[in-house]
Amino acid sequence: MGSGLLHFRRLVTVVRTLVRHDALFPLEKLGLPRVAGAFLRIILFAPRIEGARDKRAGERLTHALTALGPAFIKLGQALSVRPDLIGDQMANDLSLLQDRLPSFAGLEARRAIEVEFQKGTDELFFEFDNKAIAAASIAQVHRATTADGKEVAVKVLRPGIEAAFARDLTLAHWAAVRLERARPELGRLRPIDTVRTIVRSVEMEMDLRFEAAAAEELRDNFKDEIGFDVPEVDWVRTGRRVLTTSWVDGDPINAINVGNITDRDPRQIVEKFAKVFFLQVFRDGFFHADLHPGNFFIATDGGIHVVDFGIMGRLDRRTRHYLAEMLHGFLTANYKRVADVHIRAGYVPADQSADEFAQAARSIAEPILGLPMGEVSLAKLLAQLFSVTQKFDMQVQPQLLLLQKTMLIAEGVGRNLCPNINMWELALPLVEDWMMEELGSEARLREATDSVFDGLERLPALMAEMEGSIGMAARKGIRLNPESLTDLTKRSGENFWKIWAAAAALAIIVIMLLD
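These numbers were taken from a predicted model, which means no experiment stands behind them.

Student: Mind laying out the pattern of salt bridges, listing which residues take part and the relevant values?
Tutor: Under the defined criterion, the tally for this structure stands at 23 salt bridges. We note a salt bridge from Asp 93 to Arg 56, for which the minimum N-O separation is 2.5 Å. Pair noted here: Asp 93 is in helix α7 (residues 88-94) and Arg 56 is in the loop between α3 (36-43) and α4 (57-68), with a separation of 37 residues, a long-range link. Residue class for Asp 93 comes out buried when judged on its relative accessible area of 3%. In the salt-bridge network here, residues are joined through shared partners; they are Asp 22, Arg 48 and Arg 60.

Now the structure itself:
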């Protein structure tokens, strides 16, 4: 009862803010009468903000979410990758949401550091600049110097940010549950799962040790890559609410004057950027998912430095295979292959027509891929692909939506540096080589071998489990109804053939090795 009342009070504040910014249309799409806006404006004492009517719907919603605070900014950023939910124009408007807020006082940052480490700031740092150099919705960054003369960047969480996010994200989950119950047809769009994904992401962001671990993992993945640098984590000065890394020198990638570049060739930067993006997504399945220009710096030698690892994406091997085949199918105009990949991956039900899906894929791709190469956008292609999936009962894939948003930002960065060069054209040979290595006959044989040996490794545990089950049956007896008996017989038959298939595969491998 108490939580419901708190949710209701916060919901009133949310609705009032939406009304003032003339941004109530999301609720109208869910069935709220259009006349409700005028009624709510009166009873909530919510006069419309001057100039609101002159803005596009997405711009009004952007301003409203910004006014509601950090949790709603994150919600808006999540919605910006869901054109299937809100439409292309609104998704584009929400993508402009700036995750920036006024900084809090430097003395509060010092206090947070001292509480975290139970030491004075002067003991941890030789110098600490009280003025923040960057302030976002969750944390802000200060420049400092350690006793041994190393320049570092110190990221500190905002005071009370955990409680503020917990309140609003709990409200979002509460609303998503009721929305899915009231509108079952929206279940395909998985509103509850979407909110849970946001909650999980924010929880990871608000423990800066997770961000430090992500930075270290990315740094380790690229330790041998010349021209791409991830700052080193100072673990001695890193905790749950404080993250310290080495300082990065360079110009923000969006602040470079291309016309004045002398020792930094724009094409080389884009080529490196495309390669690094490809390696993160396909080789490692672990990619930086917050690629806005403020997180990328270009050094005087043209090297790329990346910062801010609060939002990272992961793709398992199966998804990477699907993605590579799909993108290759699009780039080579093999739309039948695109359809087959979707069905084989299970994203589109097998009872759907592959030919019709191929036709839909062609209708999306041809207008985009027919543009001059510098204007081709694979991110927009994916967005439009996701927007037509409802016709084919394809469930939303959250990990691909995050990648699509990241691709959109990456394209913008590349196009800003080299308007006539498309980074995906540069990455296509890398994709083809990777596909040959990962999906060729040798790779499939290697995968089959690994599966067999994995099965053999699990065999002792399976035997122990069977012994336990037999012992329990001996002590307590076995009770089966007819349905259970039928199901058990069916599964036993399936397991029988799986065992024989594994044995046959193992025999083939042994023969090949002996040969």
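Still more to cover.
Student: Got a sec to walk through unusual backbone geometry? Specific residues and values, please.
Tutor: For Gln 118, which is not glycine, the phi torsion reads 55 degrees and is therefore positive. For Gln 118, the position within the fold is in the loop between α8 (106-117) and α9 (121-124). For Gln 118, a relative accessible area of 67% gives the class exposed. Of note, the phi angle at Asp 308 is positive, near 65 degrees, even though the residue is not glycine. Mapped onto the elements of the fold, Asp 308 is located in the loop between β10 (304-306) and β11 (312-314).

Student: Give me the lowdown on a nonpolar patch on the surface, citing residues and values where you can.
Tutor: A surface patch of nonpolar side chains, amounting to about 330 Å² of accessible area, comprises Phe 39, Ile 42 and Ile 43. Relative to the assigned elements, Ile 42 resides in helix α3. For Ile 42, a relative accessible area of 62% puts it in the exposed group.

Student: With reference to specific residues and values, describe α4.
Tutor: Counted at 1.5 Å a residue, the expected span for α4 with its 12 residues is 16 Å, and the 17 Å between its end C-alpha atoms agrees. Where α4 is concerned, the buried positions are Gly 58, Arg 60, Leu 61, Thr 62, Ala 64, Leu 65 and Leu 68. One or two positions beyond α4, positive phi appears at Gly 69, with a value near 110 degrees.

Student: If you had to explain the pairing of strand β4 (residues 151-157) to someone new, which residues and values would you point to?
Tutor: Where burial is concerned, most of β4 is hidden: six out of the seven residues are buried. Across seven bridges, strand β3 (residues 139-145) lies against β4 in antiparallel orientation. Directly across from Gln 140, in β4, lies its bridge partner Val 156. The hairpin turn running from β3 into β4, its antiparallel successor, is five residues long, and Gly 149 in that turn takes a positive phi close to 90 degrees. Sheet topology places β4 next to strand β6 (residues 242-246); five bridges connect them, and they run antiparallel. The residue of β6 that forms the bridge with Val 154 is Thr 244.

Student: Talk me through the sheet that holds strand β7 (residues 251-252); I want residue IDs and the actual numbers.
Tutor: The four strands are arranged β5-β10-β9-β7 in an open sheet whose pairing can be described as mixed. Of all strands in the sheet, those with a lone pairing partner are β5 (228-229) and β7, marking the two edges. In terms of strand pairing, β5 meets β10 through two bridges, oriented parallel. Counterpart to Asp 229 in the pairing with β10 is His 305. Contacts from helix α13 (residues 266-284) reach β5, β9 (296-298) and β10, with the element oriented near 45 degrees to β10.

Student: So, the packing of aromatic side chains: which residues are in play, and what are the values?
Tutor: The full count for this structure, using the stated rule, is eight aromatic pairs. When the centroid spacing of 5.0 Å and the interplanar angle of 75 degrees are considered together, the rings of Phe 357 and Phe 392 count as edge-to-face. With a gap of 35 residues between them, Phe 357 in helix α16 (residues 354-369) and Phe 392 in the loop between α17 (378-387) and α18 (398-417) connect regions that are remote in the sequence. The same class applies to Phe 357 and to Phe 392, which are both buried. The structure contains a cluster of three or more aromatic residues connected by ring pairs, namely Phe 278, Phe 282 and Trp 434. Positioned above the aromatic ring of Phe 222 is the side chain of Arg 283, whose terminal nitrogen or guanidinium carbon lies 4.9 Å from the ring centre.

Student: Talk me through the environment of Glu 438; I want residue IDs and the actual numbers.
Tutor: Here Glu 438 is to be found in helix α19 (residues 423-439). Residues Glu 438 and Arg 283, 155 residues apart in the sequence, show an inter-C-alpha distance of 9.7 Å.

Student: Explain the side chain of Thr 238 to me, using residue names and the numbers behind them.
Tutor: You can see Thr 238 is positioned in the loop between β5 and β6. For Thr 238, a relative accessible area of 10% gives the class buried. A polar contact of 2.8 Å, which involves the side chain of Thr 238, links it to the backbone oxygen of Asp 234. Residue contacts for Thr 238: discarding those within four places in its chain leaves Phe 117, Ala 212, Val 233, Leu 243 and Thr 244.

Parameters and conventions
Residues numbered from 1 in each chain as written. Predicted model: local features only at pLDDT ≥ 70, side-chain atom pairs only at ≥ 80, totals over all residues. Heavy atoms only, no water. Salt bridge = Lys/Arg side-chain N within 4 Å of Asp/Glu carboxyl O. Helix = DSSP H or I, 4+ residues; strand = E, 2+ residues; numbered from the N terminus. Buried < 20%, exposed > 50% of the residue type's maximum accessible area, 1.4 Å probe, protein only. Patch = residues over 30% accessible without salt bridge, like charges linked within 9 Å, V, L, I, M, F, W, Y side chains within 5 Å. Areas by Shrake-Rupley, 256 points an atom, 1.4 Å probe, with all protein chains shown as cover. Expected span 1.5 Å × (residues − 1). Pairing = 2+ DSSP bridges. Contact = heavy atoms within 4.5 Å. Axes fitted to C-alpha atoms, helices over the stretch in contact; angles between N-to-C directions. Phe/Tyr/Trp six-rings, centres within 6.5 Å; stacked < 30°, edge-to-face > 60°. Lys NZ or Arg CZ within 6 Å of the ring centre and 35° of its normal. Polar contact = N/O pair within 3.5 Å; in protein donor to acceptor, adjacent residues only side chain to side chain.

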